[in-house]
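A closer look at the structure
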Amino acid sequence: MMFREELYYHFSSIASTNTVAVNMAEQGAEHGTVIHADSQTSGKGRGGRRFESPAGGLYFSLILRPELELKDLPLITLAAGTSLCSTLREKVSVPVMMKWPNDLYLHDRKLAGILTESGPVRCASNGRADFVVIGVGINMTTAPEQFPTELRQTCIALANVAESCPREEILLPQLVNALLRACQQLGQDKKALLAEWRTFDYLQGRSLRYLCHETELQATGIGLAEDGQYIILDSQGIKHRVTAGDLNPVKMIS
């Protein structure tokens, strides 16, 4: 399946593309439906955080109805990241990387974020989610002063580094098509997809701080496990498999 104009909905500004997409999915919206906004007033980030979404960014959510087993649903975020990295590298010629689990990084700064939400399990016999929504936010031409002060040194926009920043109406269908292909590949050959993700791994070999609840651990990034967890090595030589929390490079710009 490819990007379809009849399944595309554009808004100048809404609270959250993901919120609208989830509501539409619950009402029966088709696989491949896209919600796109020029800005969001209440963008959603991982862990209930706010995702800053000023004008100048590309914000969209894609509704999927994938034939995936429940155990593979957590891998959708990684599949999405792989497809976005690959497409941006090809179309914009920038060395985008993935910071596990859901951020795209460029020159040690955050370029984009991904938020995946899933619907209810559709029946006990096949154990599959009724729908999945992939939300994407990419800084395209956003100026640093459009972000809150605490984020201005940690974010970057494509226009800051790309020789020519693509128009949204051209880039959006390319990204949507890449996401659709990645979802299909996840169901057919997830091993190859995860292997590709590893080529974009921003954290591998870096000194990290692992923050989860009130726990902080100094460690080194080892790499992605087959189940989508991230493996780190602490200062005592003990490996940990990370399923939640934040992994941040020690030398990350603040």
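Computed from a prediction, not measured in an experiment: that's the story for all the values here.

Pairing within the open sheet is mixed, and its seven strands lie in the order β1-β2-β3-β7-β6-β5-β4. Looking at the sheet topology across the chains shown, the edges are occupied by β1 (8-11) and β4 (97-99). Strand-to-strand, the axes of this sheet are offset by a mean angle of 20°, without reference to chain direction. Looking at chain direction, strand β6 (residues 109-118) and strand β7 (residues 132-139) are connected through seven bridges and run antiparallel. In the sheet register, serine 118 faces β7, and the bridge partner there is valine 132. Where helix α1 (residues 17-26) meets the sheet, its contacts fall on β1, β2 (34-37), β3 (57-64), β6 and β7, and the angle it forms with β3 comes to roughly 20°.

Tallied over the entire structure, the rule returns three aromatic pairs. Ring plane angle 55° and centroid distance 5.7 Å describe the contact between phenylalanine 3 and tyrosine 8, whose orientation is recorded as tilted. Note on phenylalanine 3: relative accessible area 17%, which makes it buried. When the centroid spacing of 4.9 Å and the interplanar angle of 40° are considered together, the rings of tyrosine 105 and tyrosine 202 count as tilted. In this pair, tyrosine 105 is assigned in strand β5 (residues 103-106) and tyrosine 202 in the loop between α5 (190-198) and β8 (207-212), connecting sequence segments 97 residues apart. We classify tyrosine 202 as buried; its relative accessible area is 4%. Positioned over the ring face of tyrosine 202 is arginine 206, at 3.9 Å from the centre of the ring.

Let us now look at the pairing of strand β10 (residues 230-234). The buried fraction of β10 amounts to four of the five residues, a majority that puts the element mostly inside the structure. Sheet topology places strand β9 (residues 215-224) next to β10; five bridges connect them, and they run antiparallel. When the bridges of β10 are listed, threonine 220 appears paired with leucine 233. Counted along the chain from β9 to the antiparallel partner β10, the turn is five residues long, and its residue glycine 228 has a positive phi close to 95°. Relative to strand β11 (residues 239-242), β10 runs antiparallel, the two sharing four bridges. Bridging across to β11, leucine 233 finds its partner in lysine 239. With antiparallel pairing between neighbouring strands as the criterion, β10 and β11 make up a hairpin whose turn holds four residues, including glycine 237 at a positive phi of roughly 85°.

Procedures and definitions
- Residues numbered from 1 in each chain as written.
- Predicted model: local features only at pLDDT ≥ 70, side-chain atom pairs only at ≥ 80, totals over all residues.
- Heavy atoms only, no water.
- Pairing = 2+ DSSP bridges.
- Helix = DSSP H or I, 4+ residues; strand = E, 2+ residues; numbered from the N terminus.
- Axes fitted to C-alpha atoms, helices over the stretch in contact; angles between N-to-C directions.
- Contact = heavy atoms within 4.5 Å.
- Phe/Tyr/Trp six-rings, centres within 6.5 Å; stacked < 30°, edge-to-face > 60°.
- Buried < 20%, exposed > 50% of the residue type's maximum accessible area, 1.4 Å probe, protein only.
- Lys NZ or Arg CZ within 6 Å of the ring centre and 35° of its normal.

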